[in-house]
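Notes for the structure review
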Amino acid sequence: MELLLVLILVAVVAVGVVLYLRSRQNRKPVDERPGKPVDPLADHEGVTDIRTVRAGDMIDYGDQLYFVRGSLRLTEGGYTWSEHFLDDARGARVWVSVEEDPDLEVVLWRETEEVTEPGGKTMEVGGVTYRKEEDGTAKYTSEGTTTVAERGSVEYVDYEGPDGKALSFERFDGGKWEAGLGESIALPALRVYPAGSDRT
């Protein structure tokens, strides 16, 4: 009887060893190298309608991805337009203005310190001559992070240059003038990635 129990025990151990060795042979070696980075936006087609942009979205333009920090909605009389404040991974800050007059016009702006306030009918900045196009005072409401109040008024003076270049001055709520140099954006070169899933 004891001999039978010993034989059964030996047989069980032998079967276990055989199964263990087979499982090791069939096991694929584990690749311990880190996986290839995955682009989270690779399968996201985005949208091209810049009029839908709001805080939290991302904008891809000129091989650069920008995060929309905040937006201003401006009105003057019956006319409305928007300005969106963006920054990239390096903290570089720009903004995009969007208006329909009557065609959709989108301009990318960068702050400049070459000039501090609007001048006469023409101004020269960086060797480019700009001609005054319009001025006025608009009401604004603020969304997200914009560095201005939730609502108020802004004075503006806009100049137009050659080849889609622009110069603009804005003064929020009686503060100091802020100057920006702009370049017109071709819409096919721009893509918007909405933060929410309710837009397509």
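Structure's up top.
All values derive from a computational prediction rather than experimental measurement.

1. Description of the side chain of Thr146
Mapped onto the secondary structure, Thr146 falls in the loop between strand S7 (128-144) and strand S8 (151-160). For Thr146, a relative accessible area of 2% puts it in the buried group. Side-chain polar atoms of Thr146 contact the side chain of Ser142, separated by 2.6 Å. Dropping the residues within four chain positions of it, Thr146 is found in contact with Gly70, Ser71, Leu72, Phe85 and Arg93.

2. Observations concerning the side chain of Ser71
Here Ser71 is to be found in strand S2 (residues 64-76). Not counting the four nearest positions on each side in its chain, Ser71 is found in contact with Arg54, Ala55, Glu83, His84, Thr141, Ser142, Glu143 and Thr146.

3. Some remarks on the packing of aromatic side chains
Any aromatic ring pair is given by two values, namely how distant the centres are and how the planes are angled relative to each other. Here the structure, examined in full by the defined rule, presents 6 aromatic pairs. Relative to Phe172, the ring of Tyr140 has its centre 5.5 Å away and its plane inclined at 85°; by these criteria the two rings are edge-to-face. Pair noted here: Tyr140 is in strand S7 and Phe172 is in strand S9 (residues 165-172), with a separation of 32 residues, a long-range link. One exposure class covers both Tyr140 and Phe172, and it is buried. Ring plane angle 75° and centroid distance 6.0 Å describe the contact between Tyr159 and Phe169, whose orientation is recorded as edge-to-face.

What counts, and at which threshold
- Per chain, the residues get numbers from 1 upward, laid out in the order the sequence is written.
- Selection of residues for local features in this predicted model requires a pLDDT of at least 70, selection of side-chain atom pairs for listing and counting requires 80 or more, and totals for whole chains, interfaces and linings are taken over all residues.
- Hydrogens and water molecules were not included; the side-chain quantities draw on all heavy atoms of the structure.
- By the criteria applied, helices consist of DSSP H or I runs no shorter than four residues and strands consist of E runs no shorter than two, each listed in order from the N terminus.
- Think of it in three bands: residues with accessible area under 20% of the maximum for their type are buried, residues over 50% are exposed, and the middle band is partly exposed, with areas taken using a 1.4 Å probe on protein chains only.
- We call two N or O atoms a polar contact when they sit within 3.5 Å, provided that within protein one can donate a hydrogen and the other can accept it, with sequence-adjacent residues counted only if both atoms are side-chain atoms.
- Contact definition: two residues touch when any of their heavy atoms are within 4.5 Å.
- Only Phe, Tyr and Trp rings take part, Trp by its six-membered ring, and two of them pair if their centres are within 6.5 Å. Stacked means planes under 30 degrees apart, edge-to-face means over 60, and tilted covers everything else.

Without other data, these values stay purely geometric and don't point to any function.
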